Structures are given as C-alpha cells and as structure tokens.
Amino acid sequence: MTTALPPANAADVILAYHQRTKHKMDRYAAGPETLDWSEQPNPFRSFAGAEARLLPLSAEAFTTPFSDIYNPERVAAAPFDETCLGALLQLSMALNAWKEYGPDRWAMRSNPSSGNLHPTEAYVLARGIPGLADGVHHYTPTNHGLELRCPLADTPALSTSADEPALFIGLSSIHWREAWKYGERAFRYCQLDVGHAIGALRYAAGTLGWHLRMVEGLTSGEIAQLLGLDRDGDFSGGAEREAPDIILRVVRTPTAMPIKGNETDSWLKQLADWRGKANVLDRHHMYKWPVIDEASAATKKTEPKAEPHYRGNFPGIGEGTMEPAPQVILNRRSAQAFDRTARMGSGSFYHLIDRLLARAVAPWDVWSYKPRLHPVFFIHRVDGLEPGLYILLRNADAEMRLKQATHQEFAWKRPEHVPPQLNFFQLLPTDCTKVARTLHCHQAIAADSCFALGMLAEFDDIVRDEPWRYKQLHWEAGLIGQVLYLEAETLGFRGTGIGCFFDDAMHEILGLKDAQFATLYHFTVGLPLIDTRMLTLPPYGERTISTASDTAPTEGQTMAEEASFERIGIDTARQLLADERTLVLDVRDPGSYESGHIEGAEHATEANLFHFLSTTPKDTPVLIYCYHGNSSQVYAKTFADFRFKSVYSLDGGYEGWRKANG
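Just so it is clear, the model here is predicted, and its values are computed rather than measured. (Residues numbered from 1 in each chain as written. Predicted model: local features only at pLDDT ≥ 70, side-chain atom pairs only at ≥ 80, totals over all residues. Heavy atoms only, no water.)

Caption draft 1: Highlighting the pairing of strand S22 (residues 622–625). Side-chain alternation along S22 places Val-622 and Ile-624 on one buried face and Leu-623 and Tyr-625 on a second face that is also buried. Pairing geometry for strand S20 (residues 583–586) and S22, over four bridges, is parallel. Looking at S22, one finds that Val-584 is bridged to Leu-623. With three bridges joining them, S22 and strand S23 (residues 647–650) adopt parallel strand pairing. Within the sheet, the bridge partner assigned to Ile-624 lies in S23 and is Ser-649. Handedness of the crossover is the feature at issue here: the chain leaves S22, passes through helix H19 (residues 631–641), returns alongside S23, and the resulting connection is right-handed. (Buried < 20%, exposed > 50% of the residue type's maximum accessible area, 1.4 Å probe, protein only. Helix = DSSP H or I, 4+ residues; strand = E, 2+ residues; numbered from the N terminus. Pairing = 2+ DSSP bridges. Right-handed = clockwise from strand over helix to strand, strands pointing away.)

Caption draft 2: The arrangement of the pairing of S23 in detail. In S23, alternate side chains face the same way, and those of Val-647 and Ser-649 on one face and Tyr-648 and Leu-650 on the other are all buried. Both strand S19 (residues 566–568) and S23 contribute to a ladder of three bridges, which runs parallel. By the bridge assignment, Ile-568 is partnered in S23 with Leu-650.

Caption draft 3: A look at the pattern of salt bridges. If you walk through the whole model with that rule in mind, you get 39 salt bridges. With a shortest N-O distance of 2.9 Å, Lys-471 and Asp-245 are connected by a salt bridge. Separated by 226 residues along the polypeptide, Lys-471 in helix H14 (residues 469–490) and Asp-245 in strand S10 (residues 243–251) bring together distant segments of the chain. Close ionic contact of Arg-355 with Asp-354 constitutes a salt bridge, the shortest N to O distance being 3.5 Å. For Asp-354, a relative accessible area of 5% gives the class buried. (Salt bridge = Lys/Arg side-chain N within 4 Å of Asp/Glu carboxyl O.)

Caption draft 4: Here's a closer look at helix H16 (residues 570–577). All buried positions along H16 are accounted for by Ile-570, Ala-573 and Leu-576. On an axial view of H16, the arc spanned by its buried residues comes to 115°, and they lie on one face. More than 90 degrees from the buried face of H16, the exposed residues found are Asp-571 and Gln-575. Each element contacted by the buried residues of H16 is listed here: S19, S22, S23 and helix H20 (653–660). (Arc of directions from axis to C-beta. Contact = heavy atoms within 4.5 Å.)

Caption draft 5: Focus on the nonpolar core. Core analysis: the largest hydrophobic core is formed by 135 residues, its most contacted members being Leu-171, Phe-349, Phe-424 and Phe-451. Leaving out residues up to four positions away in the same chain, Phe-451 has contacts with Met-344, Phe-349, Leu-352, Phe-377, Phe-378, Ile-379, His-380, Val-382, Thr-524 and Val-525. (Core = buried A, V, L, I, M, F, W, Y, C linked by side-chain atoms within 4.5 Å.)

Caption draft 6: Region of the structure containing the sheet that holds strand S15 (residues 451–458). Ordered by their spatial adjacency, six strands build an open sheet running S14-S13-S12-S15-S17-S16, and the pairing between neighbours is antiparallel. Of all the strands in the sheet, just strand S14 (423–429) and strand S16 (494–498) have a single pairing partner and so form its edges. Taking the axes of each pair of neighbouring strands and ignoring which way they run, one obtains an average angle of 25° across the sheet. The sheet contact formed by strand S12 (residues 373–379) and strand S13 (residues 388–393) spans four bridges and is antiparallel. If you follow Phe-378 over to S13, its bridge partner there is Leu-389. (Axes fitted to C-alpha atoms, helices over the stretch in contact; angles between N-to-C directions.)

Caption draft 7: Representation of unusual backbone geometry within the structure. For the bond running from Ala-362 to Pro-363, omega is -5°, close enough to zero to count as cis. Note that Pro-363 resides in the loop between helix H9 (346–354) and S12. Phi angles above zero are rare outside glycine, and Asn-116 is one such case at about 55°. If you check the backbone angles, His-442 has positive phi at about 65° while not being a glycine. Tracing the backbone shows His-442 in the loop between helix H11 (433–439) and helix H12 (445–448). Given the relative accessible area of 45%, His-442 is considered partly exposed.

Caption draft 8: Representation of the packing of helix H4 (residues 186–207) against H14 within the structure. Relative orientation of the contacting elements H4 and H14 amounts to 50°, with a least axis distance of 7 Å. In this view, H4 runs oblique relative to H14, as classed from their interaxial angle. The crossing of H4 and H14 is right-handed. Here Phe-187, Arg-188, Gln-191, Leu-192, Val-194, Gly-195, His-196, Ile-198, Gly-199, Ala-200 and Tyr-203 of H4 lie close against H14, whose contacting residues are Tyr-470, Lys-471, His-474, Trp-475, Ala-477, Gly-478, Leu-479, Gly-481, Gln-482, Val-483, Tyr-485 and Leu-486. Within the contact of H4 with H14, the residues separate by chemical class into 13 nonpolar, eight polar and two charged. (Parallel < 35°, antiparallel > 145°, perpendicular 65-115°, else oblique. Left-handed = near helix turned anticlockwise from the far one by under 90°. Nonpolar A, V, L, I, M, F, W, Y, C, P; charged D, E, K, R; others polar.)

Next up, the structure:
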C-alpha cells in the first residue's frame, strides 16, 4: 500500500466521489448487477504465522448501570489487564450471537455494520498490560482472540511516565467487504461503520470506568505504520488491503495525555519484528471499483489542523436505565420490521434526542471536534408531536445558516413542552409516511417506525478545508447512530441504520440549493417485529464468563489450537470418509441436498444443528461441506468453538467434490 500524499485536488476528488455515489430517483449508484451469497467474502481476517491467544469472555462480570456511563464519577476504573481488555473488546468488536434461518447462517456483532458485512478491523497497541505481550496485536472476533503482529523491541516512552501502562485501539477498513455488495457507495458505508465502532468502544470503555480519546495528531501514514498496514509483503497473494482510519487511546483518568510528536517516533522505532501474512478474503473479485481507491487516497490525513476543543453549554444529563450496561450492549440488534401501530411517548423521544447533544461525556468526549451534524426528523407516531418534519440543531451556530439555506416557508417553531436545552424545531406539519418510505429507497422501515431521520452535515466548507474530514463527518454520523441504537434498546424500542436513500431528494425536501449542507446517513426507530423463525446460537460455543486464568493453555497447547478447524482438499476428505467414525454434514439448502450429496452425509438444518453440537462426542471427526467451501468454514468454526477436536471444512464444497468424482 502506498503512503503517498493525497492528490493536490483532493477536495475536488472526494466531493466528486460524493456526487457520483448519490442514489437518485431514476438510478442507483453503480453497484454489482448480481450477488452470490455463497461467495460472500470471508468476514474474518487473520494473519497466518502470528502467535495467537484467546481473550477472556469477561464482559458480563461487570454490572455498571448503563446510565452511569454518562456519569463517570460513579464508576470506579477497572485495572488495565487482560481480563478487562477482553471485556472492552467483547462489548465493542466481538460476536454476540449466531443467527440461522433455513440454510443460511451469519454472525451478529456488538458493533453494527452496513449489510452486516463488517469492513472494520481492530488492533491493540499495548505496553505494560498484565497478561499481554507488549506490541501490536490484531483482534480476531471469530474466536475473541489476539494475534501478535509485532512485539515491542524495547520499552518506549509512551506516556507521561515510562512506568505507566499504555493501551491504544487502532481501526482500519477493508473496503472490499462492503464494495462486494454495495459497489461505489461502499466507501461511505465503511466510514459509517468506523463511527459505529468508535461509539461501541466508547460505551464499552465507560462500562469499565475508562475513557477513550482519539489521537488527533496522527497522519494516515503514521497510523498505517503503527498498525503494520503499509507492509506490502504481509498482504501478498491477493490479500485485500486495509486503509488506516483512527487510533484511540484508552485511559483510566480523563486527564491522561495522548501520544504525539517524538512519542510516535519512539513507537515506530520499536516495531521491527512484524509477523504473519494476511488471509485472502475473496479469491474471485467479480467487479472493480477504482473510484473507491481514489476516494481513499483523497481523504488521507497529512497535516491535521488543531481543532479548538468544543465545549457545549448544556445542563447535566438526566437519569436513565439502571439495567447493566453489558446486557444493553450485547442485546443490541438492528430492527428488520416495525409495528406500524406503535407510538412513542414524548418523554422517551426527548430522552433519546437529548443523548445526541455533544456534552463532555460518553460518547462525545472521544474527540475535540465541534458537532457538525443535525438530525432532520420525519415524525410519524410520537405522542405530543404533530406528524411532520422537524430538526434538532446540535450546535446553535448553524441555526442562521440553515434558516437561510432551507425553504423560507419553514415554520422553525419550538413544540410545546420541549426541554429547554434542545434546539428542536418543527419545520413543516404534514403526514410524511409516504414521503419517508419513497425517500429511503421505498423501504417500509422508514414509514412503519415511530420516526425516521436524516443526518444533515455542515459539508462543503469543511471538506474543502480538510478533505480527510469527509471521513470524520461520516464517523460522527455513525456515532449518532450508535447512541440511537443503544438508547432505543433501553426504552424498549429498536433502531436500524439506513444507508440507502435518495440524497438529492432529501435536499429538495429541505430546499437546499448547493453543497453547503449534505445528508450523510439515515436512521429509524420504532417497536420491532421479531422474526421468531430464526434460531439464535451462542457466539462462542461452550465458552462462558471467564478470567485470564481460565483461558491459560495447558502444557503443549497454544490458545489458537483450542478453537481451530482445518481446510482440506478432496484427497484428505476421501481419507476421512474411509473412517466410519467421521460425521459428515451437508449445510446446503434442502433442495440441493436432495438433488445429490456425499454418501453418508447428514443434512444440518436449523432444527437439528444444536442436536449435532450437543450429542456428538467431542473426539468425533467432523467434515462439513457447503456449495463452494465458504459457508462451511463458518459452521466448522462453530464446532471448533464447541470444543470438537477434529473439524474439517471441504475446500471447493460439493461442487468441487462432484467434479472430482465425475
């Protein structure tokens, strides 16, 4: 990956990208013409050859009330150790369930993602953390573990005291994971996912009594060097590259200083012994979207400008739920459908949008940037509010510019009983259910909810001044989405992000004539309808709440060996089939199984999978195959998580087997 500077016309490039990737009423942004879900890119990155170990699943041992995350003085800071690091990542980047419906099976994670495709990768940079080697680690959500990418050669001065532990989280994006489904618009979605991940990490840190700070002075090149993303040899053989996004410092006290200047150089001098080769996620890229690479290059951060630290003048935050934070976070889901008759009380609604104010508490204290996004609401069924179009100004400085830029007939009327700290205005009273549905690519979730919203960004001037802020504005949008997700859960509702909307149609509704403001992300909240046909399985098999000592390997055994499976070819599969003890499972759809299967194979379905997991002896060899060898790896990982000792996934799947056997 090149670390070259962005083009001289970077602002023009990224603004042209944004214009090009708008969905319009008469055409969608360029994307693939068809999708083969059996060929979805591997959702899990790994580095072969890097030393691996499991982290403790310790999140549910913490009982911090969710509302106390906003009142950090109530939460004693947990120690920096492997157990607490395990909790931090479990509550932010880990799997929280497996879902199954018919032949389909997919993982759910603590951090939401566009299309559940998860382009965001996480890294841990650590020094002096008990139980953890000093160095750079790659997080592997598939088994809640770490891969040591590069140990520190010596002890650098990473903080104000060389004796203090240092802990950082780095985030990067694999753009192809999103582009596989969404084409050119995928770069936008990757940035929204980074914002959600930042929010997930900040709430997780708050659960532990920790704080999280963006290291704002780092350039994109420095981030790439610190995370090992600039190493061409480690991403050879077609392995998809990762774009550097952000590094966040985890601190136990809010006054701790971030690294900067020669401290970054000190880190880099100690990172020499890099280990591991990235896996290939997709062997057959059917489409290429070069405009994404252009957008990524144009938004590299080179010489970031210092931003005056924003301090919003808001009253203290009100009380919320006393439900344990891990329970709220791990139970978060994206709604798939809403009860169109349900209503939200005005108290719940105002509680929800009050949490969007950028107070100096989680999650808004993660950076110094002034809030630049203002939600525009399509109110459908909220008690005390007339249906119609509304806006929440998250910084009052934007009010005059928005009034001048939008339709002059808008009322800008404060509803009765709106809390005084909320700059919340009615723009237009109207039934907007049909408009909302049409605007959001004709999706019912935008009309059947209690309300939908679009996040209107102060856009053109900011991006022209610093093109990398195009990414940061999307991160802010993702951060807003994460607050809405979690707060909706505490109120008995559920939310879902909407990335498909007609950009300029939204601007026309508001009367916007230029790019001074732009809508970046949409969201909707209501009472969910739950699909009870889906089977939910635990994320990590038989692993339960644990401490660091619980996960220590036995003599002669590494942590990576505890939950692994082997990919095999046709010849090895034939040898396994000769062993009458081998359990052979076909995980394709019922029709494909009936049309033909490997002799002796049993059909694994939603109804019987747990039967196989719970009744089969753990020393039974298990051979799993699907259509082409992709989905079978996910099933094989589940059996490995359930402590089966010999688990195999057939490369090439049944199609490869059928061709090899005539």
